[in-house]
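A structural walkthrough
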Amino acid sequence: MSVDVERVLIQLQDETGEVLGSPFDVPLDISPDKLQLVCNALLQKDEPVPYLFFVKDAEVVSSLGSCVQELGLETEQVLPVVYQPQAVFRVRAVARCTSSLEGHTEAVISVAFSPTGKYLASGSGDTTVRFWDLSTETPHHTARGHTHWVLSIAWSPDGKKLASGCKNSQIFLWDPITGSQIGKTLTGHTKWITWLCWEPLHLNPECRYLASTSKDCSIRIWDTVLGRCDKILTGHTHSVTCVKWGGDGLLYTSSQDRTIKVWRAKDGVQCRTLQGHAHWVNTLALSTDYVLRTGAFEPATATINPQDLTGSLDEIKEKALKRYNSVRGEGHERLVSGSDDFTMFLWNPAEEKKPVARLTGHQALVNEVLFSPDTRLIASASFDKSIKIWDGKTGKYLNSLRGHVGPVYQVAWSADSRLLVSGSSDSTLKVWDIKKGKLNADLPGHADEVFAVDWSPDGQRVASGGKDKCLRIWRK
Amino acid sequence: MPQNEHIELHRKRHGYRLDHHERKRKKESREVHERSHKARKMIGLKAKLYHKQRHAEKIQMKKTIKMHEQRKSKQKDDDKTPEGAVPAYLLDREGQSRAKVLSNMIKQKRKEKAGKWEVPLPKVRAQGETEVLKVIRTGKRQKKAWKRMVTKVCFVGDGFTRKPPKYERFIRPMGLRFKKAHVTHPELKATFCLPILGVKKNPSSSLYTTLGVITKGTVIWGKYAQVTNNPENDGCINAVLLV
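Remember, it's a predicted structure, so these values are computed and weren't measured experimentally.

The rules behind the values
Residues numbered from 1 in each chain as written. Chains lettered and ligands numbered in written order. Predicted model: local features only at pLDDT ≥ 70, side-chain atom pairs only at ≥ 80, totals over all residues. Heavy atoms only, no water. Helix = DSSP H or I, 4+ residues; strand = E, 2+ residues; numbered from the N terminus. Buried < 20%, exposed > 50% of the residue type's maximum accessible area, 1.4 Å probe, protein only. Contact = heavy atoms within 4.5 Å. Areas by Shrake-Rupley, 256 points an atom, 1.4 Å probe, with all protein chains shown as cover. Polar contact = N/O pair within 3.5 Å; in protein donor to acceptor, adjacent residues only side chain to side chain. Pairing = 2+ DSSP bridges. Axes fitted to C-alpha atoms, helices over the stretch in contact; angles between N-to-C directions. Buried area = accessible area lost by both parts, 1.4 Å probe. Salt bridge = Lys/Arg side-chain N within 4 Å of Asp/Glu carboxyl O. Nonpolar A, V, L, I, M, F, W, Y, C, P; charged D, E, K, R; others polar. Core = buried A, V, L, I, M, F, W, Y, C linked by side-chain atoms within 4.5 Å. UniProt positions renumbered as here; feature names shortened; annotations may be inferred. Phe/Tyr/Trp six-rings, centres within 6.5 Å; stacked < 30°, edge-to-face > 60°. Lys NZ or Arg CZ within 6 Å of the ring centre and 35° of its normal.

1. Some thoughts on the overall build of chain A
- Counting secondary structure elements, chain A contains four helices and 37 strands.
- Burial statistics for chain A: of 476 residues in total, 60% are counted as buried.
- For chain A, restricting intrachain contacts to residue pairs at least 6 apart in sequence, the fraction spanning at least 24 positions comes to 52%.
- Summed over its atoms, the accessible surface of chain A is roughly 19,200 Å², and 49% of this surface lies on carbon and sulfur atoms.

2. Quick notes on the side chain of Arg323 of chain A
Residues and elements named next belong to chain A.
- Positionally, Arg323 belongs in helix 4 (residues 313–328).
- Overall, the relative accessible area of 13% leaves Arg323 in the buried class.
- A polar contact of 2.6 Å, which involves the side chain of Arg323, links it to the backbone oxygen of Phe297.
- If near-sequence neighbours (up to four positions away) are discounted, Arg323 is found in contact with Val291, Thr294, Gly295, Ala296, Phe297, Glu298 and Pro299.

3. Overview of the sheet that holds strand 8 (residues 119–124) of chain A
Residue and element names in this part refer to chain A.
- With antiparallel pairing, the four strands of this open sheet are ordered in space as 7-8-9-10. Whereas interior strands pair on both sides, the edge strands pair on one side only; in this sheet they are strand 7 (108–113) and strand 10 (138–143). Pairwise comparison of adjacent strand axes, ignoring direction, gives a mean angle of 25° for this sheet.
- Sheet topology places strand 9 (residues 129–133) next to strand 10; five bridges connect them, and they run antiparallel.

4. A word on the interface of chain A and chain B
- Listed per partner, the contact involves 26 residues of chain A and 15 residues of chain B.
- Counting the surface lost from both chain A and chain B, the interface buries some 1,800 Å², and carbon and sulfur atoms represent 61% of this.
- Our count for the contact surface shared by chain A and chain B stands at zero salt bridges.
- Our enumeration of links across chain A and chain B arrives at one residue pair in polar contact (both at pLDDT 80 or more).
- Grouping the constituent residues of the side of chain A that touches chain B by class yields 11 nonpolar, nine polar and six charged.

5. Here's the deal with the nonpolar core
Residue and element names in this part refer to chain A.
- Of all hydrophobic cores here, the largest spans 21 residues; its most connected members are Ile10, Leu12, Cys39, Phe53, Val55, Leu64 and Tyr83.
- Sorting the residues of this core by element identifies strand 1 (7–13), strand 2 (19–27), helix 1 (32–43), strand 3 (51–55), helix 2 (64–71) and strand 5 (79–85) as the ones contributing at least two each.
- Among the nonpolar cores identified, the runner-up in size contains 18 residues, and Ala87, Val91, Val94 and Ala412 belong to it.

6. Focus on the UniProt feature "repeat: WD" (unreviewed entry) in chain A
Residues and elements named next belong to chain A.
- Under the present numbering, the feature "repeat: WD" (unreviewed entry) in UniProt falls on residues 101–142, 143–184, 186–223, 233–273, 359–400, 401–442 and 443–476.
- Spanning residues 186–223, this segment combines 0% helix with 53% strand, and its end C-alpha atoms are found 9 Å apart.
- Annotation note: span residues 443–476, helix share 0%, strand share 50%, distance between end C-alpha atoms 11 Å.

7. Digging into the sheet that holds strand 35 (residues 450–455) of chain A
All names here are of chain A.
- With antiparallel pairing, the four strands of this open sheet are ordered in space as 6-37-36-35. Looking at which strands have only one partner, the edges of the open sheet turn out to be strand 6 (96–101) and strand 35. Across the sheet, the mean angle separating the axes of adjacent strands is 20° when strand polarity is ignored.
- Of the strand pairs in this sheet, strand 36 (residues 462–466) and strand 37 (residues 471–475) are connected by four bridges, and their pairing is antiparallel.

8. Points about the environment of Ser214 of chain A
Residue and element names in this part refer to chain A.
- Structurally, the position occupied by Ser214 is in strand 16 (residues 209–214).
- Spatially, the C-alpha atom of Ser214 lies 9.2 Å from that of Leu196, the residues being 18 residues apart in sequence.
- When sequence neighbours within four positions are dropped, the list of residues in contact with Ser214 reads His189, Lys191, Trp192, Ile193, Thr194, Ser239 and Val240.
- Polar side-chain contacts of Ser214 include one of 3.0 Å to the backbone oxygen of Lys191.
- Only 3.0 Å separates the side chain of Ser214 from the backbone oxygen of Trp192, close enough to count as a polar contact.

9. Brief notes about the packing of aromatic side chains
Residue and element names in this part refer to chain A.
- The tally for this structure, following the rule as stated, stands at nine aromatic pairs over all chains.
- Each ring, one from Tyr51 and one from Phe53, has its centre 6.3 Å from the other, and the planes form 45°; the classification is tilted. Both residues of the pair, Tyr51 and Phe53, belong to the buried class.
- Aromatic pair Phe345 and Trp347: ring centres 5.3 Å apart, planes at 45°, arrangement tilted.
- Geometry around Trp149 places Lys167 over its ring, the cationic atom sitting 5.4 Å from the centre.

Structure follows, in structure tokens:
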């Protein structure tokens, strides 16, 4: 043992267990910053990447020594230290409402930014879909055509098309630049559309196929170029609430009949049924959700003025595939489902029927679950006025975010996974800092319940719409 | 009452009188006036029986008219989209949680307080009869003074039909009848415009409760709220939700 400072042998490992270099000697009072320098040097990256360090799942906050002392580990053995790369860019928390966009004559039901963050679309109960110009924060186009409330909207991963589904079971496709309809109206469902999901970009850069689910218990895959229904997947006995198109060519659907079904997208054959919930399954989230949504757009390369995606179809496909593989990692996609029975399940649907973990703790139904963009955390919004944060790999409970006084309807992650914004029926939005586990900013301003929230992928803006018929944009 | 078809037989053989159709039309239109004349002039037991029968008829007529109106307006509604747009995740859940919460609240309150209400405005100025009811003079020489007109805002139910005007003691003018109230939730400071279901209690007098008079301090039964303004002055009813 040296006289002045104790030293310890550490072995740096990444999340999957791969070791980095060989074990080496460091003083016990080394801080996370110095560890970061060492890590960057070892990894030989061009730009320094911020890291978080964990010793046996406990984060190294002030110095390695305090962590070791708390855990009571021996300093004689080699200590494995796991490093986790954080996002290089930092998204600033939104603090003020820059504009309140009136225009809708009924409640705003759904809000979505395009994958690059250039366009904003909102669907409302007055049967219109409105496109908003973000640089001037004024209305851009009004897309008329629906005959009933526009229940769900979805951008194609290349940002060139927007699909919207209404309560009269019709689906329209819109062009965001001109605001006019593309192709024919897709009809076929007999009851209202509950969810729309496009095929991922790296599977098909043309963005041709769209999956829609409806209360009539069926899922339809539409060919948007030909304007007709390609496949109809039946099997559920109650309304299908959510569909997610996975990056491996599998479709996941959740339904009010308490099951989740896994289908092969190529031929529409049902692979598996995941059972376990005791009440309606309301929502699904895939670990690769965020990367599938943004496609070939890398949030780290975002500029002040959002740009369209450039490059040929092949280039875009390559980029999207690379991003998808880096986020997915070694294992398969993970799926988390939230239900009316106050619990959630974490599944590995590509491999087994049994859930990985059951996430209990909420005291009212779970309305929305979302993986963070770096897939490490899961956020769940529930009608018991709280949001809970869980570990994305094991499903372990981490934190509870309380502050709302009404049911929390929707949440949205920022692109660097450090901030979370939530909208609730008490008409406020709240921005939470995940690292501290506390409230960052309270955003009042809406006059009535907030139905939809979205954070733009370039991290600059948050858009929210609600029952008071106006859409609000928030910036830092 | 003709007991054989000799009238029809005569009509078949000789046709109608030249002015028959016009006379028939005019007689029918005069019938309305004659009916009203009779209703006004009748007295005694005959009048009582007649008015009772006529009141029942009027109620039936009102109901059928309303039904017809609904049928007509339904066609228009098919084109217009209904109000109350909600997102997909709220579609199958309408009103459930609210009703449950409300009934639980009511049950709890009943158990605890046994009839007494914890109201935000406990002490309200009692309003005398001269303020709330105005005397209406009737009669040929305007001497009779038994009718009263309500000068404050009131609430009448959906299927309300007036008593026959001759016998109406309390007149509730249509201009002062309200169906909706602006209810504020004290915690959230949000205000909603909700339909009134009924008047629970008017603190001034039980007579006002039965009449449905709404003054400051009245507890109305949309969602158990207490009125906080003078509606006859403002033209709207503001209330605070009793939580």
